[in-house]
Each structure stands twice: as C-alpha cells, then as structure tokens.
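# Residue-level structure breakdown
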Amino acid sequence: MSGQYQHMDADQINLGPLFLPPDLGGAREQVVQRDRSLTNKVVDLPQILRQHLTDACYLAVGGFSSNRIPVAALHEILRMNPQGLAFSGHTSTHDFQILCAGNLTNRGQLLSKVDIAYIVGLEARGLSPHARRVIESGEVTLCEWTNYSLALRYKAAAMGVPFLPCRTMLGTDTLKYSAAKVISCPFTGIPLVVVPALFPDVAIIHVHEADIYGNCAIFGPSVADIDLARAAKTVIITCERLVPTDTFRQNPNRTVIPFFCVDAVCEVPYGSYPGNMPGEYFSDEDHLHLWLKAEKDPAEFQKFLEDYILGSTDFEEYLRKCGGLKNLQRLRHQELRLDTGTPN
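Criteria and cut-off values
Residues numbered from 1 in each chain as written. Predicted model: local features only at pLDDT ≥ 70, side-chain atom pairs only at ≥ 80, totals over all residues. Heavy atoms only, no water. Buried < 20%, exposed > 50% of the residue type's maximum accessible area, 1.4 Å probe, protein only. Helix = DSSP H or I, 4+ residues; strand = E, 2+ residues; numbered from the N terminus. Pairing = 2+ DSSP bridges. Core = buried A, V, L, I, M, F, W, Y, C linked by side-chain atoms within 4.5 Å. Phe/Tyr/Trp six-rings, centres within 6.5 Å; stacked < 30°, edge-to-face > 60°. pLDDT = per-residue confidence, 0-100. Contact = heavy atoms within 4.5 Å. Axes fitted to C-alpha atoms, helices over the stretch in contact; angles between N-to-C directions. Parallel < 35°, antiparallel > 145°, perpendicular 65-115°, else oblique. Left-handed = near helix turned anticlockwise from the far one by under 90°. Nonpolar A, V, L, I, M, F, W, Y, C, P; charged D, E, K, R; others polar.

## Re the pairing of strand β1 (residues 58–61)
- Burial of β1 is two-sided: the residues Tyr58 and Ala60 facing one way and the residues Leu59 and Val61 facing the other way are all buried.
- With 2 bridges connecting them, β1 and strand β2 (residues 85–89) associate as parallel partners. Its bridge partner being in β2, leucine 59 is matched across the sheet by phenylalanine 87.
- Where β1 and strand β8 (residues 202–210) come together, 3 bridges link them in parallel fashion. Bridging from a neighbouring strand, alanine 60 pairs with alanine 203 of β8.

This is the structure:
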C-alpha cells in the first residue's frame, strides 16, 4: 500500500451532501410493483414526462458526453419548466447545458442540486458560459464525485445493495467534497471508499432501437446505461426507431435493456441532435458553437432559447429550424463517412 493512503482516517467526515440516501426498501417496492407483462408501452413524450417528472424529483439521463443523449426529452423538460430538480451529472455536456437554461432569471430554478462528475465543459468545444454562471452563482447545491464513482453508485443500486467499495478518489480533494465514506477493509485493513447506491426517481435513456414493450438495443458504448436502467424507479426510453419484437427474439444478444426495466417508450427520430448518435448521425458542431456563442450574453441567450426551443411546439419543429432533413442527411453522411460530393 503506498504511503499516501496508509494513514487515511476511516472516520473522515466529508463535506458533500447526500441528496438521495440509498432507500433499498422503497426501490425494492418500486421494482415489485412494475408491470412485467408484455404491454405496449409506446406513449407520447410530453405526456409521460408531465406524469413522472414532478418538481424536486431526481433526474438522471443516459449517454456519454454529446453521444446518445436524450435531447428531445430535455427540450420538453425545458418547456415544462419543473422546479427544484436534482440531477446526476455523470458525463454531462450538452444535456447539462440544456438543463441549466432552465435557471435563467425569468424561468425560476429548474436545477437546485447536482451530483457532479463532469459538467459545464463541452470537451474540445470549450466551457458553457451559462452553465458556468449557474454553477458559480451558488444557487445550485453541489456534491462532487468522479465519473467512475457515480457509475458505481448506479451499479450498487442495480445490484440492490446500499453501497459498493472502491479505491477511486482516495488521496484527492474530490473525496473531501463528496458524500462518500472511508472504511477499513475487514480482510486487509487497507482504506477503502464506499459510495452509496443511487436510485434516481426518473431516468431517460436514448437508444438506437426499441420494440413496443421496451426491449432496447444500443450500438456502440453503453457507458453506465445498463445499470442506470436497473437503478432508476421510472425508466423512460426514447429511441431512434421502433422495430418488431421478432428483431430481438431472433437475436437476443442485441437486448441490452430488457422490457421489464422500462416504463415507457417514445419514438423520437434524431432525438440526440445536435449530439452524436453512433452509427446514425454526427454531431452538429455548427449548432453547438451557436449555443456557446449565444450563451455569452444572457439577453441574447434568452432570445436564442425562444427562437429555437421555447418557441417550438415540439422537437420536429426544432429540427426544421436547424436545417431540417437536408442538414440531418449531411450529418448522417458525415457519421457514415459517405462521399456525396457535397461540402460538409
């Protein structure tokens, strides 16, 4: 054991608040009550969000960075404008950027608590000016984690245990500002970090394909979504396309999220735009740059939101405002590396 860890205090009290204690009984009750029959779960996206995403609930979303994120659902949440949400910022870029737009002065406080691992940054594109303003304002309560430790919190919930041990965060200030605890291993005596199970109230996961019952296929990295689907109390799936159930029966290995974990399915083609959908379409870098530029001035950003999202009746209208089918085909060709002879 390296010297820097040998003398860590197993009774260390960390400074981060625990927003959602691991309620194994409540989570178990939710799982038991979930309908396990082959029921058609295809519903209207705004309707299901209004039913389940109430004020002060804890939200988690799937995907990774700008890949396979449920943008269409997040737009609808922004139009709904619930207040006081808690959020799991596991690997968040544009998804967090959208939610922070709900914390403009004239819209109240959509976000109030965030478990943070990766937020504010849009990777090589730079930092979100408005998300940075929101975080630096102090109006949102934060608890720090690493990407791995938040993923472990989902896994603990999926396993039905109150915590999991790990060695991540040891020797860092991230541990100090988390809600994790340090214990002595009962077998070796070495210090271990234990992270509490996380059971989000609502999880929204965007997938490539789903059937009407909720069986889901993801092509490319699944990140932590398989565990998230088993951890959340309510799971809403948005998909690029609905496919026949026989597609899954003929090749069961394609089912990464089974129907009995899912409460609702919404077909939303291009539902990750302007993010990337692996094997489907590339991210719209021009539009993401437009977001970052508009965010520099709060008044300009408010107008941007009115023009593109708040003033749109649904996601289809937003896609039309962003160049419609022609632009979406361009992004699809870019993702598939098709040479169409047209400039990118």
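On we go.
## Examining the nonpolar core
- Ranked by internal contacts, the top residues of the largest apolar core, which has 57 residues, are Ile77, Phe96 and Leu305.
- A total of 7 residues in this core trace back to one element, the largest contributor, which is helix α4 (residues 71–80).
- Formed by 46 residues, the second largest nonpolar core is a distinct cluster that contains Phe19, Tyr58, Ala86 and Ala232.

## Comments concerning the packing of aromatic side chains
- Scanning all chains against the criterion turns up 9 aromatic pairs.
- Their ring planes at 75 degrees and their centres at 5.2 Å tell us that tryptophan 291 and phenylalanine 304 sit as a pair that is edge-to-face. With tryptophan 291 in helix α11 (residues 285–295) and phenylalanine 304 in helix α12 (residues 298–310), this residue pair connects regions lying 13 residues apart in the sequence. Accessibility classification places tryptophan 291 together with phenylalanine 304 in one group, the buried group.

## Details of the confidence of the model for the protein
- On average, residues of the protein score 93 in pLDDT, and 94% of them reach the 70 mark or higher.
- Across residues 1–7, where pLDDT falls below 50, the model places 8 contacts with residues more than four positions away in sequence or in other chains.

## Regarding unusual backbone geometry
- With an omega of 5 degrees, the peptide bond between tyrosine 273 and proline 274 qualifies as cis.
- Following the sequence through the fold, proline 274 ends up in the loop between β11 (264–267) and α11.
- For valine 223, which is not glycine, the phi dihedral falls at a positive 55 degrees.
- Secondary-structure assignment places valine 223 in the loop between β9 (216–217) and α9 (225–231).
- Note on valine 223: relative accessible area 38%, which makes it partly exposed.

## Notes on the sheet that holds strand β5 (residues 163–166)
- Spatial strand order, β5-β7-β6: 3 strands in an open sheet with antiparallel pairing. Each edge of the open sheet is held by one strand with a lone partner, namely β5 and β6 (181–184). Taken over all neighbouring pairs, the strand axes of this sheet differ in orientation by 40 degrees on average, direction set aside.
- In the sheet, β6 pairs with strand β7 (residues 191–196) via 4 bridges, with the strands oriented antiparallel. Bridging from a neighbouring strand, lysine 181 pairs with valine 194 of β7.
- With respect to the sheet, helix α7 (residues 147–159) is in contact with β5 and β7, its orientation differing from that of β5 by roughly 140 degrees.

## Comments concerning the environment of cysteine 57
- Along the polypeptide, cysteine 57 turns up in the loop between α3 (45–52) and β1.
- Residue classification places cysteine 57 among the buried residues on the basis of a relative accessible area of 6%.
- It is 7.6 Å that separates the C-alpha atoms of cysteine 57 and valine 202, two residues lying 145 residues apart in sequence.
- Ignoring any residue separated from it by four or fewer positions in sequence, one finds cysteine 57 in contact with His52, Leu85, Ala86, Asp201 and Val202.

## Considering the packing of α4 against α12
- For the pair α4 and α12, interaxial distance at closest approach is 11 Å and the crossing angle is 120 degrees. As far as their axial angle goes, α12 and α4 are oblique. Note on packing geometry: the crossing formed by α4 with α12 is left-handed. Facing α4, whose interface residues are His75, Leu78 and Arg79, α12 presents Leu305, Ile309 and Leu310.
- Grouping the constituent residues of the contact of α4 with α12 by class yields 4 nonpolar, 1 polar and 1 charged.

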